[in-house]
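The chain contents come next:
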Amino acid sequence: MRKVTVWLSALGFGIIAVVAQTPTQTQYQYPFQNPSLPMEERVTNIISLLTPAEKVDVLGANYYLGGGRGGPGPTLTRLGIKGYNQGEGLHGLSRGKPPNGTATTTFPQSIGLGETWDPEILLKAAAEEGYEARWFNQTAKYSRGGSQSLIVRAPNSDLGRDIRWGRNEECYGEDAYLNGTLTAAFVRGLQGDDRKYWQTAALLKHFLANSNEKGRMGSSSNFDERLLREYYSVPFRMGVEAGARSYMAAYNGMNGIPMTAQPILKDITIKEWGVNQIITTDAGSLDAMVRAHKYFPDLPTAAAGAIKVGINQFLDGIFKDAVNQALQKNIITMPEIDEVIRGSFRVMIQLGMLDPPEMVPYTKIKDGVEPPAREENKLLARQVTQEAIVLLKNQGNLLPLDKSKLKSIAVVGQRSGDVAWDWYSGAYPYAITPLDGIKSKVGAGVKVNFALNNDNNAAVDAAKASDVAIVVVGNHPTCETMSYGGKCDPSEGKESIDRVTIDLQPAQEQLIKDVFKANPRTIVVLKASFPFAINWAQENVPAIVHMAHNSQEEGNALADVLFGDYNPAGRLVQTWVKSVDDLPPMMDYNIRNGRTYMYFKGQPLYPFGFGLSYTTFAYSNLRPSSSRMAKDGQMNVTVSVRNTGKRDGQEVVQLYVTHMGSKVERPIKELRGFQRVSLKAGETKIVLFPLKAKDLAYWDEQKKQWVVEDEKVNLMVGGSSADIKLQQAIGVGL
């Protein structure tokens, strides 16, 4: 991670501000301009200076409104406050789509970032993103008229509880603890490590339980209070604990109440967690509460309902008239608006936008070589992409390939010649396709026979004429269109469209079969945003590799893995089932009904946490630091892991727990620790997991509090949720 005094990265189309510097350090026209005053005192002064009309204006985010107050966001020209925009940044800063967008460093989709199981590499990627947000906003050539875009709508903290979800690519997987740990790392990367100022502000999305696209504007995600506390809210809470103070409310409802007006926004996120900056609607949510949810009779009542639970920014131009009518009808008061808009100014102060630039270390990030063109950025993108690749099958050690023993390779398939853009991606500085990466790796000495599909038997002929065949297939993140909406193949999805099936497109499935028949030395590369039921390939094809879309270094990283220059250690973050029939109904949000590895009782195609390596590992000496843990205590759990193969490699060591005497229904097992550990051939390391009793608690719905039970808890360590190597029981409170 770079430093300026600190350096990190973000992205931006958010809300933020800058104030004209006063002539001296000690003279200020207004108290809020004085950096030495406490934040709340400065915010109070700003609010006191606003007219009623300005206070209503501050509730709007001009990214969607198209300007109108002399600048974006909460612009207050007469006070010298210049507003800000919000921006997207799930896996790299987004400043427009290709071919005309500004190029930024682009990492794999979030589902791929999750498959690294590496919080440190996510922190570095987010740090680069935050750095680029500062650089592009503060470098005159790219400053977009001086508006600041330092609020980044990332990370997506929603849980991928159903693999048919159209936006599956945006999440880190199905497990709350894993998602929360990675969310926290991404937040820290975006926001930086300066003690006073933030590099960018992370805005988590979409609170809460948002994992269906069909009917999302008016649907309700229904579940009990235990699942709210123990599952759906966990990644958001962990993101807040890491420093995030802003989030976007989801379109959907929870238990019949639209999230944009859900009381838990105030009762839990504000009062319990301390969220005190931006709480924004999603675009269209205000109107949806009336037309789709039919929860409020009209827009003024809906706007008032949103403000009363803490919403302080609306992403729709219709908000202003609705709020003014609500004031006229006395269903909302100006003091209530005063209270919520404080958050918009807190984030400005946190970002240093109301302070002299020389006081803010991040203002030095500007000019010079464009960050995406820097060699260290290219290397980071490649490393992140390498870490995200998952080896699913390697029968007979077909992989890694030895290019010195090859004269020809077939590279075929619909996804072999693209780096597919997704809806929240930025523009690439360059894009290395699988075909590009393989050609570069083998050089001129190996002939590469390429066919995009099997028209005129092209793919089969290429396979027959080659020593080995590589078939690259998978979904397209936007269903082959750069526009919003439209139609998708039943096995594909995107924002606004859920998948119907989980099988590959028939043409892709047939391509695998035809190529394998022509050349048994076939490798399938599944480049996908979702798990697929690749049952035939798993049963027949000797080697299978999975990777997510969208990295600028996609082809290079893939070639590094295929040819053994990088030993894969990515792990799956969702349960890959064999059939859509293994899944509960899409709108069943009660995960206890057989959903995720925690409650699924069938035999998966690939289990949660699964991934192979070119080497092998042995576990020994599982040792909790005590046989008993007090209800308010903690312990260390250690295990020795040895690389027993001939190649250096990385193992993702996973700690699971099972409750052996709980009075309430608990998961079959649940993740409570993980580490990605590098081991040289023959090397042994001791891996340590801290474990706190409070992390074993359940939420008591009657007492409205967390409860640690007197019980036996089984500790299990291994290489996946289904590959438990060692286990040992401890007593908790006994």
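Here, every reference points to the structure presented above.
Quick caveat, the model's predicted, so the values are computed rather than measured. (Residues numbered from 1 in each chain as written. Predicted model: local features only at pLDDT ≥ 70, side-chain atom pairs only at ≥ 80, totals over all residues. Heavy atoms only, no water.)

**With respect to the state of the cysteines**
Note on terminology: a disulfide is the covalent bond linking the sulfur atoms of two cysteines.
Here's step 1: Here the structure, examined in full by the defined rule, presents 1 disulfide.
Here's step 2: Linked covalently through their sulfurs, Cys479 and Cys488 form a disulfide whose S-S length is 2.0 Å. On the sign convention where negative is left-handed, the bridge of Cys479 and Cys488, at about 95° about the S-S bond, is right-handed.
Here's step 3: Free cysteine: Cys171, not disulfide-bonded; nearest cysteine sulfur from Cys479 at 17 Å. (Disulfide = S-S within 2.5 Å.)

**A closer look at the side chain of Ser408**
Here's step 1: Turning to its location among the elements, Ser408 is positioned in strand 12 (residues 408-412).
Here's step 2: A distance of 3.2 Å separates a polar atom in the side chain of Ser408 from the backbone oxygen of Ala465.
Here's step 3: Ser408 has contacts with Val446, Lys447, Asn449, Ala465, Ser466, Asp467 and Val468, leaving out every residue within four places of it along the chain. (Helix = DSSP H or I, 4+ residues; strand = E, 2+ residues; numbered from the N terminus. Polar contact = N/O pair within 3.5 Å; in protein donor to acceptor, adjacent residues only side chain to side chain. Contact = heavy atoms within 4.5 Å.)

**A few points about the sheet that holds strand 13 (residues 447-451)**
Here's step 1: The 6 strands are arranged 11-16-15-14-12-13 in an open sheet whose pairing can be described as mixed. The sheet is open, and its two borders are formed by strand 11 (390-394) and strand 13, each paired with just one other strand. Adjacent strand axes in the sheet meet at a mean angle of 15° when their direction is disregarded.
Here's step 2: Of the strand pairs in this sheet, strand 14 (residues 468-473) and strand 15 (residues 522-527) are connected by 5 bridges, and their pairing is parallel. Residue pairing across strands places Val471 opposite Val524, the latter belonging to strand 15.
Here's step 3: On top of the sheet, helix 17 (residues 506-518) reaches strand 12, strand 14 and strand 15; it is set at about 175° to strand 14, its chief contact. (Pairing = 2+ DSSP bridges. Axes fitted to C-alpha atoms, helices over the stretch in contact; angles between N-to-C directions.)

**Re the environment of Ala507**
Here's step 1: Here Ala507 shows up in helix 17.
Here's step 2: A relative accessible area of 58% means that Ala507 is categorised as exposed.
Here's step 3: Spatially, the C-alpha atoms of Ala507 and Gln414 are 9.6 Å apart, while their sequence positions differ by 93 residues. (Buried < 20%, exposed > 50% of the residue type's maximum accessible area, 1.4 Å probe, protein only.)

**Observations regarding helix 13 (residues 334-350)**
Here's step 1: For helix 13, with 17 residues, the first-to-last C-alpha span of 25 Å sits near the 24 Å given by 1.5 Å per residue.
Here's step 2: The largest bend in helix 13 comes to about 25°, at Val340.
Here's step 3: Burial analysis of helix 13 places 13 of its 17 residues in the buried class, which makes it a mostly covered element.
Here's step 4: Downstream of helix 13 by a residue or two, Gly352 has a phi angle that is positive, lying close to 80°. (Expected span 1.5 Å × (residues − 1). Bend = angle between axes of the 7 residues up to and from the residue.)

**Structural notes on empty space enclosed by the protein**
Here's step 1: Within this structure, the stated rule accounts for 6 cavities of 30 Å³ or more.
Here's step 2: Volume-wise, the largest cavity comes out at about 80 Å³.
Here's step 3: Along the walls of the largest cavity sit 13 residues, with Arg161, Thr575, Val577, Leu583 and Thr596 positioned nearest its centre.
Here's step 4: In terms of residue class, the lining of the largest cavity is made up of 4 nonpolar, 4 polar and 5 charged. (1 Å grid on protein atoms, 1.4 Å probe; cavity = no way out; pocket = protein on both sides within 12 Å on 5 of 7 lines; lining within 4 Å. Points joined across faces, edges and corners; volume = space filled by probe spheres on them. Nonpolar A, V, L, I, M, F, W, Y, C, P; charged D, E, K, R; others polar.)

**Topic: the pattern of salt bridges**
Here's step 1: For the structure shown, the criterion picks out 35 salt bridges.
Here's step 2: We note a salt bridge from Arg382 to Asp560, for which the minimum N-O separation is 2.8 Å. Residue Arg382 is located in helix 14 (residues 375-388), and its partner Asp560 is located in helix 19 (residues 554-562); the two are separated by 178 residues in the primary sequence.
Here's step 3: Classification of Arg382 by relative accessible area gives partly exposed; the value is 26%.
Here's step 4: When the shortest N-O distance is used, the salt bridge between Asp418 and Lys527 registers 2.8 Å. (Salt bridge = Lys/Arg side-chain N within 4 Å of Asp/Glu carboxyl O.)

**Observations concerning the pairing of strand 26 (residues 723-732)**
Here's step 1: As paired elements, strand 18 (residues 628-629) and strand 26 share 2 bridges and run parallel to each other. Along strand 26, the bridge assignment pairs Arg628 with Gly731.
Here's step 2: As paired elements, strand 25 (residues 711-720) and strand 26 share 9 bridges and run antiparallel to each other. Following the sheet pairing, Val713 is matched in strand 26 by Ile730.
Here's step 3: Linkage of strand 25 to strand 26, two consecutive antiparallel strands, is achieved through a turn of 2 residues.

**Section: the environment of Tyr131**
Here's step 1: Here Tyr131 is to be found in helix 5 (residues 119-138).
Here's step 2: Put simply, Tyr131 and Pro371 are 240 residues apart on the chain and 8.5 Å apart in space, counted from C-alpha to C-alpha.

**Observations regarding unusual backbone geometry**
Here's step 1: In this structure, His206 follows Lys205 across a cis peptide bond, with omega equal to -5°.
Here's step 2: Cis geometry marks the peptide bond from Phe207 to Leu208; its omega dihedral reads 25°.
Here's step 3: Position of Leu208 relative to the elements: it lies in the loop between strand 5 (201-207) and strand 6 (220-221).
Here's step 4: Phi at Asn550 takes a positive value of approximately 95°, unusual for a residue other than glycine.
Here's step 5: With respect to the element layout, Asn550 can be found in the loop between strand 16 (543-547) and helix 19.
Here's step 6: Positive phi outside glycine occurs at Asn621, with the angle close to 55°.

**A word on the nonpolar core**
Here's step 1: Within the largest apolar cluster, 132 residues are counted, with the highest numbers of intra-cluster contacts made by Leu208, Tyr232, Leu265, Phe314 and Val323.
Here's step 2: Take this core: its biggest share by element is 9 residues, from helix 5.
Here's step 3: Contact partners of Phe314, with chain neighbours within four places excluded, come to Leu59, Gly60, Ala61, Thr281, Leu286, Ala303, Ala306, Ile307, Phe319 and Val323.
Here's step 4: If you look at the next biggest cluster of nonpolar residues, it comprises 30 residues, including Ala410, Ala463, Phe516 and Val541. (Core = buried A, V, L, I, M, F, W, Y, C linked by side-chain atoms within 4.5 Å.)

**Observations regarding the sheet that holds strand 3 (residues 84-88)**
Here's step 1: Spatial strand order, 3-4-5-7-10: 5 strands in an open sheet with parallel pairing. Both outer strands of the open sheet, strand 3 and strand 10 (279-280), are each paired with one neighbouring strand and no more.
Here's step 2: As paired elements, strand 5 and strand 7 (residues 246-249) share 3 bridges and run parallel to each other. Looking across to strand 7, one finds that Phe207 is bridged to Ala249.

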